[in-house]
Structure formats: C-alpha cells, structure tokens
Amino acid sequence: MAKQTVLITGGAGFIGSHLCQKLLAGNYKVICLDNFITGSRNNLEPFLKNKNFRLEVCNVCNYIDIPGKIDYVLHCASLASPKDYLDFPIQTLKVGSLGTHNALGLAKKKKAVFVLFSTSEVYGDPLEHPQKESYWGHVNSIGVRGCYDESKRFAEAMTMAYHRVHKIDTKIVRIFNTYGPRMRHNDGRVVPNFIDQALKGKALTVYGEGQQTRSFCYIDDLTDGILRLMLSGENLPVNLGNHREFTIMQLVKLVLKLTSSKSKVVFRKLPQDDPRQRQPDITRAKKLLGWEPIVPLEDGLKRTISWFKR
Ligand code: UDP
C-alpha cells in the first residue's frame, strides 16, 4: 500500500520533531514546515537524509503552497513556552490565528484530516479541578499570557468552524505540560530550567512559593496519544496529559535527588496569571483512544536528565 503523507507545521520543535520520528518509524512520509523561531535544525538531523522526509523552511502565517497529496495536516507550530510568548507576543497571536487559518485552508484543499495542537492554557487559571474538556475556562484576555491562550481559543473556534462549514475531519488535542529530551536548555519552562540549573550547580528558581501544581507528561506518552487521536473518528477536543499532579516544590526535590545536585533554591516573583493548579481529566482519552500515560515522572526525568548531560 502507498505510504500516506503527513504534513507537520512546527516539525522542528520539541513535540514536532518527536512526532516526525514516530511517523517515519510508522511508515509515513513526512513534510516538516518550520521557520526555526524556536525549533532547531539539530532536532531534524537524524531524518534529513531519510527519503521519506522533507523539510520546507517557511512561516505558516503566510500562504502555504505545497504540491502533491497530503493525507494529514498536523498544526503544531507555536511558541509554547511562557518565556517565548512573552518575548514574541505578536508572533504567538499570528501563528495561532493566521497560521491556523492557513493550515486549515491547506487541509481543505488536500481533503486531509486536520489536527490542531491546542493547550491546557485554554482553561486559563482554572476554577474547575481537574479540568474536563467541557470546562469553558477562566482566561484573562488582556494579561501577559492572553496572547497564547486567546490565540489557541481562536484556533479551536476556527477549527470547529471549518469542521462544521467545510466538513473537514478535524481533531483538537489539548496538551498539558509535557517534557523530555530535545527541550532547549534555555526554554524557560520549569523542567528544563530545573534540570539545567541543577546540572550546572546554579540555584533552582522557584516562582512564588512553589505551591502551584502541574501534571507532567513524558513526550513518548504524548506522541502516542496524538497518533491515536489522528487516526480516530473523534472531532471534539481531547485532553492529553499525565493526571499525576505535583507541586513545583515536589519537582524541585525530585530533580535535586535525580541529579545528585547540591544546588540551592531561590524564590522569585510569581509571573502574572500563572495558573495555581493544573491536572487533566483524561477520561475521554481513555475511553475514546484507549490511551493513558505510562511513564512515571521519576523515569521520564531520568531519561531527560541523561539527554541534558549529553
Ligand atoms: N516555574 C518555576 N521556576 C521556573 C520556571 C517555571 O517555579 O524556573 C513555575 C511557573 O511559575 C509555573 C510552573 O513552574 O507555575 C510551570 O511553568 P512552565 O513555564 O513550565 O509552564 P506553564 O505550565 O506555566 O505553562
């Protein structure tokens, strides 16, 4: 049977490049689009010589023109770290809005299945816990995180409109905190920050008192869930993430233990609108996709730490 083709925007980033790898191993052809604003060519090095892999350097906020058959469009391009979207708020808004519109237009033209990479940030600083897909969220549109949260909320609305009006087979994955190899050392998110600081003997920077919570999903679990969703018949949003919840102080202790680091801890001001708690309700993913995360935080951190050491 002829191989199917998957186009992935933002394929040179952390999640995107892991998906490229998994898709190539799964016998797909992969077309990766990236403008390298946060993605990196290094992440693609292992596949650049693979005849089933093609890289197109472009910005998806501009019209996307790709000849040939495409079976799936995965719209992963985004600035996903709070540090990045504070530095590039306008690019963040553009890729979530214009980029999503262009990627949907491409899917429509090619009659491809479309997958939007959305986020737990659509729930904002949630008043419902854990967060179910039916929760509408609690977002400050004009706060510093608004550029990310609102662009993703717009992207979800646009995706549903294309599904309803143009009958495109669309999927929406709401991704919760994910970590693993290939995150940038200076990414700014909590896991790479703490590992980098611990390995360099620098103080671990805890924002606020460290009592806020997150639920951390290992990258392999996440990409497995995304592929299942891509092949499923589901069109409504599905949360993917790990449901085991930790405070930031618990994460500090774990990272210090696993790196055998003597680093100290310094407390910094809590960023504006930083969600106080976050945990996905993954009932729908379990039921619809037969999926649940299997990598415990300690194991995933060990794998990430050894990658950071290299
Ligand atoms: N955080 C922290 N120290 C850091 C980086 C982040 O205490 O060096 C906190 C941050 O305030 C947030 C949590 O860790 O409460 C997760 O932050 P991250 O940037 O990873 O992503 P978020 O879940 O906020 O999008």
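Look up: the structure comes first, before these words.
The notes below deal with the structure included here.

The subject of this paragraph is the packing of aromatic side chains. Per the counting criterion, the structure on display carries seven aromatic pairs. With a centroid separation of 4.3 Å and 5° between ring planes, the pair formed by Tyr-85 and Tyr-148 is classed as stacked. Within this pair, whereas Tyr-85 is found in helix α2 (residues 82–87), its partner Tyr-148 is found in helix α4 (residues 146–166), the two being separated by 63 residues in sequence. The exposure class of Tyr-85 is buried, given its relative accessible area of 1%. Where Trp-307 meets Phe-308, the ring centres are 5.5 Å apart and the plane angle is 75°; that geometry is what we call edge-to-face. Overall, Phe-308 belongs to the buried group, its relative accessible area being 5%.

A separate point is the sheet that holds strand β3 (residues 53–57). Read from one edge to the other, the open sheet built from seven strands follows the order β3-β2-β1-β4-β5-β6-β11, with strand pairing classed as parallel. Here the strands that pair on one side only, and so sit at the sheet edges, are β3 and β11 (238–240). On average, each strand axis in the sheet is inclined to that of its neighbour by 20°, with strand direction left out of account. Relative to strand β5 (residues 113–119), strand β4 (residues 72–75) runs parallel, the two being bridged by four bridges. Within the sheet, the bridge partner assigned to Tyr-72 lies in β5 and is Val-113. Each of β1 (5–9), β4, β5 and β6 (170–175) touches helix α3 (residues 89–110); the most contacted strand, β4, lies at about 175° to it. Across the sheet, α4 touches β5 and β6, and the angle it forms with β5 is around 155°.

Among the 18 residues in the neighbourhood of the ligand, the closest are listed as Asn-177, Thr-205, Arg-214, Asp-274 and Arg-278. Separating an oxygen atom of the ligand from a backbone N or O atom of Val-190 is a distance of 2.8 Å. Of all the secondary structure elements, the ones that give two or more residues to the shell around the ligand are α5 (190–199) and β8 (204–207). Its residues assigned to classes, the shell around the ligand shows seven nonpolar, five polar and six charged.

On to the packing of α3 against α4, then. The contact between α3 and α4 brings their axes to 8 Å, and the two run at 15°. The angle between the axes of α3 and α4 places the two elements in the roughly parallel class. For the crossing formed where α3 meets α4, the hand is right-handed. For the pair α3 and α4, contact is made by Pro-89, Thr-92, Leu-93, Gly-96, Ser-97, Thr-100, His-101, Leu-104, Gly-105 and Lys-108 and by Cys-147, Tyr-148, Ser-151, Phe-154, Ala-155, Met-158, Thr-159, Tyr-162 and His-166, respectively. Grouping the amino acids of the contact of α3 with α4 by side-chain chemistry returns nine nonpolar, nine polar and one charged.

Here the focus is the pairing of β6. Summarising burial for β6: six of the six residues are buried, a large majority. Of the two faces of β6, both are covered, the one formed by Thr-170, Ile-172 and Arg-174 as well as the one formed by Lys-171, Val-173 and Ile-175. In this view, the connection linking β5 to its parallel neighbour β6 by way of α4 has right-handed handedness. Relative to β11, β6 runs parallel, the two sharing three bridges. Along β11, the bridge assignment pairs Ile-175 with Leu-240.

Empty space within the second largest pocket amounts to approximately 160 Å³. Along the walls of the second largest pocket sit Val-122, Tyr-123, Glu-133, Ser-134, Tyr-135, Trp-136, Arg-153, Glu-156 and Arg-174, which together make up its complete lining. Class assignment of the residues belonging to the lining of the second largest pocket gives a composition of four nonpolar, one polar and four charged.

Turning to the state of the cysteines, a few remarks are in order. Structurally, a disulfide amounts to a covalent bond that connects the sulfur atoms of two cysteines. Counted by the stated rule, this structure contains zero disulfides. There is no disulfide at Cys-61, and the cysteine sulfur nearest it, in Cys-58, is 9.9 Å away. Free cysteine: Cys-217, not disulfide-bonded; nearest cysteine sulfur from Cys-76 at 14 Å.

Reading the values: the criteria
Residues numbered from 1 in each chain as written. Predicted model: local features only at pLDDT ≥ 70, side-chain atom pairs only at ≥ 80, totals over all residues. Heavy atoms only, no water. Phe/Tyr/Trp six-rings, centres within 6.5 Å; stacked < 30°, edge-to-face > 60°. Helix = DSSP H or I, 4+ residues; strand = E, 2+ residues; numbered from the N terminus. Buried < 20%, exposed > 50% of the residue type's maximum accessible area, 1.4 Å probe, protein only. Pairing = 2+ DSSP bridges. Axes fitted to C-alpha atoms, helices over the stretch in contact; angles between N-to-C directions. Contact = heavy atoms within 4.5 Å. Near = heavy atom within 4 Å. Polar contact = N/O pair within 3.5 Å; in protein donor to acceptor, adjacent residues only side chain to side chain. Nonpolar A, V, L, I, M, F, W, Y, C, P; charged D, E, K, R; others polar. Parallel < 35°, antiparallel > 145°, perpendicular 65-115°, else oblique. Left-handed = near helix turned anticlockwise from the far one by under 90°. Right-handed = clockwise from strand over helix to strand, strands pointing away. 1 Å grid on protein atoms, 1.4 Å probe; cavity = no way out; pocket = protein on both sides within 12 Å on 5 of 7 lines; lining within 4 Å. Points joined across faces, edges and corners; volume = space filled by probe spheres on them. Disulfide = S-S within 2.5 Å.

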